[in-house]
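# Fold and contact review
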Amino acid sequence: MYRCSECDEFDVVQPMSASTTTHQCPACGKSARRVFTAPALSTTSGAVTRATDIAAASSEAPQVVRSIPSGTTPPRNPRWSPFTGASPVPAKRRTPGPYQPLPKL
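### Points about the overall build of the protein
The helix and strand inventory of the protein stands at one helix and four strands. Counting helices and strands in the order they occur from the N terminus, the protein gives β-β-β-β-α. In the protein, 23% of the contacts between residues at least 6 apart in sequence involve partners at least 24 apart. With an accessible surface of roughly 9,700 Å², the protein has 58% of that area assigned to carbon and sulfur atoms.

### Observations concerning the pairing of strand 4 (residues 31-34)
Pairing of strand 1 (residues 2-3) with strand 4, which is carried by two bridges, proceeds in the antiparallel orientation. Each residue of the ladder has a partner; that of Y2, found in strand 4, is R34. Here strand 3 (residues 22-24) pairs with strand 4 via three bridges, running antiparallel. Counted as the bridge partner of T22 is R33 from strand 4. Hairpin connection between strand 3 and strand 4: a loop of six residues separates the two successive antiparallel strands, and G29 in this loop has a positive phi of roughly 90 degrees.

### Looking at the state of the cysteines
By the definition in use, this model includes zero disulfides. Looking at the unpaired C4, the closest cysteine sulfur is the one in C28, lying at 3.6 Å. Residue C4 is classed as buried on the basis of its relative accessible area, which comes to 4%. Left unpaired, C25 is separated from the closest cysteine sulfur, that of C28, by 3.8 Å. Residue classification places C25 among the buried positions, given a relative accessible area of 4%.

### As for the packing of aromatic side chains
Going through the model one piece at a time under the given rule, you end up with one aromatic pair. When the ring of Y2 is compared with that of F10, the centres are 5.9 Å apart and the planes differ by 20 degrees; the resulting orientation is stacked. Both residues of the pair, Y2 and F10, count as buried.

### Side note on the sheet that holds strand 4
Reading across from one edge, 2-1-4-3 is the order of the four strands in this open sheet, with antiparallel pairing throughout. This sheet does not close on itself; its edge strands, each paired only once, are strand 2 (9-10) and strand 3.

### Focus on the pattern of salt bridges
Close approach of charged atoms allows side chains of opposite charge to pair. Enumeration over the complete set of coordinates arrives at two salt bridges. For R3, the salt bridge is made with E9, and the minimal N-O distance between the two is 2.5 Å. In this structure, the salt-bridge partner of E6 is K30, at a minimum N-O distance of 3.5 Å. Of this pair, E6 sits in the loop between strand 1 and strand 2 while K30 is found in the loop between strand 3 and strand 4, placing the two residues 24 residues apart along the sequence.

How each quantity is defined
- Residues numbered from 1 in each chain as written.
- Predicted model: local features only at pLDDT ≥ 70, side-chain atom pairs only at ≥ 80, totals over all residues.
- Heavy atoms only, no water.
- Helix = DSSP H or I, 4+ residues; strand = E, 2+ residues; numbered from the N terminus.
- Contact = heavy atoms within 4.5 Å.
- Areas by Shrake-Rupley, 256 points an atom, 1.4 Å probe, with all protein chains shown as cover.
- Pairing = 2+ DSSP bridges.
- Disulfide = S-S within 2.5 Å.
- Buried < 20%, exposed > 50% of the residue type's maximum accessible area, 1.4 Å probe, protein only.
- Phe/Tyr/Trp six-rings, centres within 6.5 Å; stacked < 30°, edge-to-face > 60°.
- Salt bridge = Lys/Arg side-chain N within 4 Å of Asp/Glu carboxyl O.

Everything listed is a geometric property; what it means functionally is a separate question.
Written out as structure tokens, the structure reads:
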């Protein structure tokens, strides 16, 4: 950002390596001095702010759930697996390796 003594402040978009202490004013053509200001911090949306606040509050005092809320489906059996179904396969019937064999045609 540069400030002209005759006009007003104006921004110049250029690489930091090309910045100089003075720049020509685009309105009047006089030399303007470079000024340093606070960075332009963008604001976040309300939804992001609420989510951040909820996460911060939860880290200090997490809510404890004592039961499953009504209207939700009960969790699956912890021993359920897409390969074995609802109950584990006995060790004698289990095939070696991490994958089940393909069915024979």
